[in-house]
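# Structure assessment
The lines below spell out each chain.
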Amino acid sequence: MKILITGGSGYVGSVLINKLIKKKHEVYNVDLDLFGNTHLPFKNKLYHHINQDIRKVSSLDKYMKNVDIVFHLACISNDPTFELNKKLSKEINYDCFENIVLSAKKNKVKKFIYISTCSVYGISKKPKITENHPLKPITEYNKFKGMCEPILLKHLDDKFKGCIIRPATVCGYSTKMRFDLTVNILTNFAYNKNYIKVFGGKQLRPNIHIDDLTNLYVKLVNLNFSKINKQIFNVGYENLSIENIAKKVKRIVSKYKREKILIKFEKSNDKRSYHIDSSKIKKYLNFKPKYTVEKAIHDLCIKFKKGFLNDSFENNNYFNVKKLKKIKFK
Ligand SMILES: NC(=O)c1ccc[n+]([C@@H]2O[C@H](COP(=O)([O-])OP(=O)(O)OC[C@H]3O[C@@H](n4cnc5c(N)ncnc54)[C@H](O)[C@@H]3O)[C@@H](O)[C@H]2O)c1
């Protein structure tokens, strides 16, 4: 298959690209490389790197030719980073989206997969949020991620098929780490500073291991989309409170370090709290996540121990907001 990924140089995309290449697919990665690119498989003949801004859709058009599948991941991918320059973030996350979809459709791409987020639900007391739950975004990042969804659905048909994935917060090791995601942040602090700061703690968060999520994406490549065309899927595994995640991190990391890890609780105004129900994807695709948050913590500890991530606090590429503060966009 010929696969075009936008945002493939990032945390999730980098793991996905390696898995697709292993399966002998040809991958075109369109990315501005905001957080670096040295980790990418440039030497592999199946890998094609296109250093380009997705907002320039007219130049994207030529790469869509003969593409079988598009995975659209590129975006300004969390709340604080979005807030740095709202106009720019909206241009990237929303304004160019319909033209990217239309470019794919015009060039006869067979499937378009839009990676949304389950943070589109905002705050909810419902014990399990299914895909039909109304979207009550509480940040601009959530709002514009959600607003792309009906645009894609409007353009899908029997020839141009697609679906929308709403992943939980991702955790675990990637060749392009992000240490600004809950499990990864806590593990980094516990392992390297012997303490964790928990802001609030009662907020509920759904989690998904990066290997489960990218295995699902790989599965979508060869799947017959007749059954899932125009569908939206939550993809999460364990729903845990931040406090609970912190306790798991403390227990596991202290075994690796043989030292005491301290949890410090602080007040928080982070109101985001939700539990998601991921039974629909199990029903439609028989997709069952296998890897726990505990496994993600173990994976990271092993990488730290082996010295893979010695710059885990200094390297700005691991922290989206820090890095974007330093970038001047054209
Ligand atoms: N990581 C998570 O926990 C999580 C959870 C739910 C949904 N998602 C979604 O999954 C996708 C991937 O997430 P991630 O964690 O890998 O994000 P990331 O920030 O690591 O990667 C995003 C990539 O997009 C690229 N990009 C940004 N603006 C661009 C532009 N104008 N043109 C070209 N490339 C551009 C960046 O250079 C980066 O490589 C995103 O759409 C995100 O909203 C992520």
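As a reminder, the structure under discussion sits directly above these lines.
This text gives an overview of the structure that appears in the document. Worth saying up front: this structure is predicted, and the values here are computed from it rather than measured. (Residues numbered from 1 in each chain as written. Predicted model: local features only at pLDDT ≥ 70, side-chain atom pairs only at ≥ 80, totals over all residues. Heavy atoms only, no water.)

## Brief notes about the overall build of the chain
For clarity, the cut-off: Helix and strand definitions here come from DSSP, where helices need a minimum of 4 consecutive H or I residues and strands a minimum of 2 consecutive E residues; each element is numbered from the N-terminal end. Radius of gyration: C-alpha atoms only; globule rule: 2.2 Å multiplied by the number of residues to the exponent 0.38. When a residue's accessible area, from a 1.4 Å probe over protein chains only, is under 20% of the maximum for its type it is buried; when over 50% it is exposed; and in between it is partly exposed. Any two residues whose heavy atoms approach within 4.5 Å are treated as being in contact. With residues, only the protein chains shown are counted as cover, and all accessible areas are computed by Shrake-Rupley using a 1.4 Å probe.
When helices and strands are tallied, the chain shows twelve helices and twelve strands. On C-alpha atoms alone, the chain measures out to a radius of gyration of 19 Å, which is about the 20 Å that the 2.2 N^0.38 rule sets for 330 residues. Based on the C-alpha atoms only, the size of the chain along its principal axes is roughly 60 × 45 × 40 Å. Out of the 330 residues belonging to the chain, those deemed buried represent 58%. Contacts spanning at least 24 positions in sequence make up 78% of the contacts within the chain whose residues lie at least 6 apart. Element-wise, carbon and sulfur atoms account for 52% of the exposed surface of the chain, whose accessible area totals about 15,200 Å².

## A short note on the sheet that holds strand β7 (residues 169-171)
Within a sheet, each strand pairs with its neighbour through backbone hydrogen bonds, oriented either parallel or antiparallel. Keep this limit in mind: Strands are treated as partners if at least two bridges between them are detected by DSSP. Note on method: axes are straight lines fitted to C-alpha atoms, helices fitted across the in-contact stretch only, with angles between N-to-C directions ranging 0 to 180 degrees.
Taken in spatial order, the three strands of this open sheet run β7-β9-β11, and their pairing is mixed. Of all strands in the sheet, those bounded by a partner on one side alone are β7 and β11 (239-241). Neighbour to neighbour, the strand axes of the sheet diverge by 50 degrees on average, direction disregarded. Direction of pairing for strand β9 (residues 204-209) relative to β11: antiparallel, over a ladder of three bridges. By the bridge assignment, R205 is partnered in β11 with L240. Relative to the sheet, helix α9 (residues 242-257) contacts β9 and β11, its axis offset from that of β11 by approximately 85 degrees. Against the sheet, helix α11 (residues 293-305) touches β7, β9 and β11, its axis set at about 60 degrees to β9.

## Some points on helix α6 (residues 140-155)
Because an α-helix packs 3.6 residues into every turn, residues spaced three or four apart end up facing the same way. As a reminder, the rule being used: A helix is expected to reach a length of 1.5 Å times the quantity of its residues less one.
In this model α6 runs 24 Å from its N-terminal to its C-terminal C-alpha over 16 residues, within 8% of the 22 Å that 1.5 Å per residue would give. Looking only at α6, the buried set comprises Y141, N142, F144, K145, G146, C148, E149, I151, L152 and H155. Of the surrounding elements, those touching the buried residues of α6 are α3 (79-84), α4 (86-95), α5 (97-106), β5 (111-115), β6 (161-167) and β10 (231-235).

## As for the packing of helix α7 (residues 182-193) against α9
Let me state the cut-off plainly: Working rule for angles: under 35 degrees goes down as roughly parallel, over 145 as roughly antiparallel, 65 to 115 as roughly perpendicular, anything else as oblique. Here a crossing is taken to be left-handed if its near helix is turned anticlockwise relative to the far helix by less than a right angle, and right-handed if that turn runs clockwise. Residue type decides the class: Asp, Glu, Lys and Arg count as charged, Ala, Val, Leu, Ile, Met, Phe, Trp, Tyr, Cys and Pro as nonpolar, and the leftover types, Gly among them, as polar.
Close contact between α7 and α9 brings their axes to 9 Å; oriented N to C, the two are set at 40 degrees. Taken together, the axes of α7 and α9 are oblique relative to one another. Along this stretch, α7 crosses α9, giving a crossing that reads as right-handed. In contact with T182, V183, L186, T187, A190 and Y191 of α7, α9 contributes I242, I245, A246, V249, V253, Y256 and K257. Here the residues of the contact of α7 with α9 sort into ten nonpolar, two polar and one charged.

## Concerning the packing of aromatic side chains
Test applied: A pair of aromatic rings is counted whenever rings of Phe, Tyr or Trp (Trp by its six-membered ring) have centres within 6.5 Å, and the orientation is called stacked for planes under 30 degrees apart, edge-to-face for over 60 and tilted otherwise. Cation placement over rings: the criterion is NZ of Lys or CZ of Arg within 6 Å of the ring centroid and within 35° of the ring normal.
Inspection of every chain in the model, using the stated rule, returns 13 aromatic pairs. Judged by centre distance (6.1 Å) and plane angle (90 degrees), the ring pair of F97 and F112 falls under edge-to-face. Here F97, found in helix α5, pairs with F112, found in strand β5; they are 15 residues apart in sequence, far enough to count as distant. F112 matches F97 in its accessibility class, with the two residues each being buried. Given a relative accessible area of 0%, F97 falls into the buried group. Aromatic ring contacts, followed pair by pair, group F97, F112, Y114 and F160 into a single cluster. Above the face of the Y28 ring, K2 is positioned so that its terminal group lies 4.7 Å from the ring centre. Its end group placed over the ring of F313, K193 keeps NZ or CZ at 4.3 Å from the ring centre.

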